[in-house]
Amino acid sequence: MRSLAEDLRQRPEPQLAHLLRVRPDLARPVPSDVSELAARAGEITSIRRALDQLDRQQLQVLLEAAAAVQPVTLADLSVPPEEHSRLLEIADELWARALFWGPQPDSVQSAVRIPSALASVGIETYDTGPLDTVELESAPTSVRQLDDYAGMAAVESTDHVTALGDHLSANGPRLLRTGGLGVREFAAVAEAMDSDQQQVGFWLELAIATGLVAPDNEDQPALVPTLEFDAWSGASLPDQWALLARAWSSSDRDSSLIGLTAADGSRITPASQYTANPQLRSLRTHVMQVWAGVPEGHAIELTHLQSAIADRLPRWNTNARSRMVQACWLQAEWLGLAVAGALTALGRQWTSSVELSELRRCAESVMPTPVEQFVAQADLTLVVPGPPNPHLRALLNAATEVESRGAARVHRVTAESLARAMDWGWLPADLSAQFEQASATPLPQPLQYLITDVARRHGDARIGSASSYLRCDDESIIADLLGHPRAASLGLVRLTPEVVVSSAAPSSLLDIVRSLGHTPVAEGADGQTMVVSHRRHRATASSNQNAELAGADEVLIAALARALTRTQRNSSSDSDVDDSDATNASVEVPRMAVAASAALIRSAQEDGFPIWLGHADNAGMTTQLLVDVVSNSGGALSVFDHGSGRVRTLAIARVTGVRRADPSEANQTENNNG
């Protein structure tokens, strides 16, 4: 072989797919053929990225090979004979990453070459000894006990995200113009969640990655739940956890950066562009692989885990690597993947497969069974002996306050929590019925009296717009309002003994009247009570697709590897084919809406079937192309054109319609090209 390009041309589709998987930068933007792929793989920038993913031994072998006369025989490297089997493994991996080229090494007598640009890249000298082994704690923990703790942690993770979504629904904080939450807004969210900012930042970034939270479509966007959050909230606990765990596997949102200083001097906050860290996925995978190599029940210390990752990724910045490893350690424990340094059944499943069905099945085996009832006590507390099912959770979230979490949770019913539930549209009779149905014992009288009392006072004042007004049959309420210290700033005018109008917004009147100990309700222009629903404020769609990123990458890798392989079949006879050869005037492609075209294009990419595509050129003429879809992102559609036998990039805006092609049409085009 004379070049890396010639080597890659002879590699079968699975090997090209592996190369794209371990060096994902080669797929963006989509290369038109293998020659372009080889040129990109030999660039200094791409090589540096590839070197960052090598461990200490791999780097040392590559360094010695780069210093030798090319080609170099593996047996000539200074590796003891007893280590030749390991040397062959390293050489095979370097060849798979296109850092060695030539025939695939199958013995230590194989000769390999390095890309020419590699000689100009500085490679540090590393110890050639064996990689450090991870030290284990002496006494293993009961596997069953670990899984019990993991199940509870998994339940708590869904609780945190549910509480976060409910809070953002009613109090969606405004985002900065540059994106991200302001420092004060983030502190307010953490205070409302009664948790430290480090953990709240993680749940917030994970909810964004899962697509449960996103900016709304207002002129000054706020961070609110999406429509997907409502569907997620109604799912079973194993389903909820599985979605969170899969999103964590593919997310590049690094919550450990929150609170640090960005390059422009600003402080990094959640939901900002600065929390995106493309290195995070690779490091997270290495951390979980190290954990997976530890025997079941055994734990490792954080310092030993950091040493193991330092061996695997020695070129990374030491401080950044340590910070990310510590963050992964904590996040794995928050999700139930690990407990006290020991990997759980959930963690082992995560390292083997992040398919939703597999994650859900594993979660069902360790998560405690959801309960449908609570035990009501005379002090207005409700003891829930396990994780509540979605129906009971909705009632508790609306009408109670959480006092403690754990195997048995304690919720407290207060006048404020009941008034909040009624504000959200719960009728007093429905609340009483739901509490009675969910209680394993008769409701205590204090709880019944409290519901009746709050229902009687709920709506004792009605507030609307004048800019706003207050009308009330109880003149003492109006007198209290007029005597309030903020009355002057509200621009209050008493029209009648029962009506006061204000220049302030209705929300300001609501807040003040509530601070006086009353429970007013808002009413519309028609005088009817308005339900202040905590589920009305929603982003129409998620602005972040990281939840699907792993699957989308695999689809792209498979489609691109298939297309690049097919370009080689046509290269000898089709090297100078004009784009017009790819058209077929006799084929009819119906015009359709952009959304319908996009849906069929996505199906064609995922399932690998060819499609006829109508495409308008600069002159407005529409041509019909028989293509396989490779990638569709950012308004650009990359396809393998059967007519020209190469990969092309088209503007999605110029697509006039799509039709699924018959297999006979694709075969006929292939035969014509052959």
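So, a few notes on the structure that sits alongside this text. These numbers were taken from a predicted model, which means no experiment stands behind them. (Residues numbered from 1 in each chain as written. Predicted model: local features only at pLDDT ≥ 70, side-chain atom pairs only at ≥ 80, totals over all residues. Heavy atoms only, no water.)

Here we look at the environment of Arg659
Locating Arg659 in the fold gives a position in strand S20 (residues 655-660). When its relative accessible area of 23% is taken as the criterion, Arg659 is described as partly exposed. (Helix = DSSP H or I, 4+ residues; strand = E, 2+ residues; numbered from the N terminus. Buried < 20%, exposed > 50% of the residue type's maximum accessible area, 1.4 Å probe, protein only.)

Some remarks on empty space enclosed by the protein
In total, this model carries 2 cavities of 30 Å³ or more according to the counting rule given. Here the largest cavity is characterised by a volume of approximately 60 Å³. Lining of the largest cavity is provided by Phe202, Glu205, Leu206, Trp248, Ser251, Arg253, Ser255, Leu280, Arg284 and Gln331. Of all the secondary-structure elements, those providing two or more residues to the lining of the largest cavity are helix H9 (197-210) and helix H12 (279-292). Among the elements that take part in the lining of the largest cavity, H9 stands out by supplying 3 residues, more than any other. Of the residues belonging to the lining of the largest cavity, the class tally is 4 nonpolar, 3 polar and 3 charged. Space inside the second largest cavity adds up to approximately 30 Å³. Taken together, Ala559, Arg562, Ala563, Arg566, Asp628, Val629, Val630 and Phe640 form the lining of the second largest cavity. (1 Å grid on protein atoms, 1.4 Å probe; cavity = no way out; pocket = protein on both sides within 12 Å on 5 of 7 lines; lining within 4 Å. Points joined across faces, edges and corners; volume = space filled by probe spheres on them. Nonpolar A, V, L, I, M, F, W, Y, C, P; charged D, E, K, R; others polar.)

Here we look at the packing of H12 against helix H13 (residues 302-312)
Interhelical geometry of H12 versus H13 gives an angle of 120° and a closest axis separation of 10 Å. Judged on the interaxial angle alone, H13 and H12 are oblique. In this structure, H12 meets H13 at a crossing whose hand is right-handed. The residues of H13 that touch H12, namely those facing Leu283, His286, Val287, Gln289 and Val290, are Leu305, Ala308, Ile309 and Arg312. (Axes fitted to C-alpha atoms, helices over the stretch in contact; angles between N-to-C directions. Parallel < 35°, antiparallel > 145°, perpendicular 65-115°, else oblique. Left-handed = near helix turned anticlockwise from the far one by under 90°. Contact = heavy atoms within 4.5 Å.)

Some thoughts on the side chain of Thr400
Mapping Thr400 onto the fold places it in the loop between helix H17 (390-399) and strand S9 (401-404). Using a relative accessible area of 3% as the deciding quantity, one classes Thr400 as buried. Within polar-contact distance, the side chain of Thr400 engages the side chain of His411 at 3.1 Å. Setting aside its immediate chain neighbours within four residues, Thr400 contacts Leu382, Leu395, His411, Arg412, Val413, Ser417, Arg420 and Phe435. (Polar contact = N/O pair within 3.5 Å; in protein donor to acceptor, adjacent residues only side chain to side chain.)

Shape descriptors only; they carry no functional weight alone.
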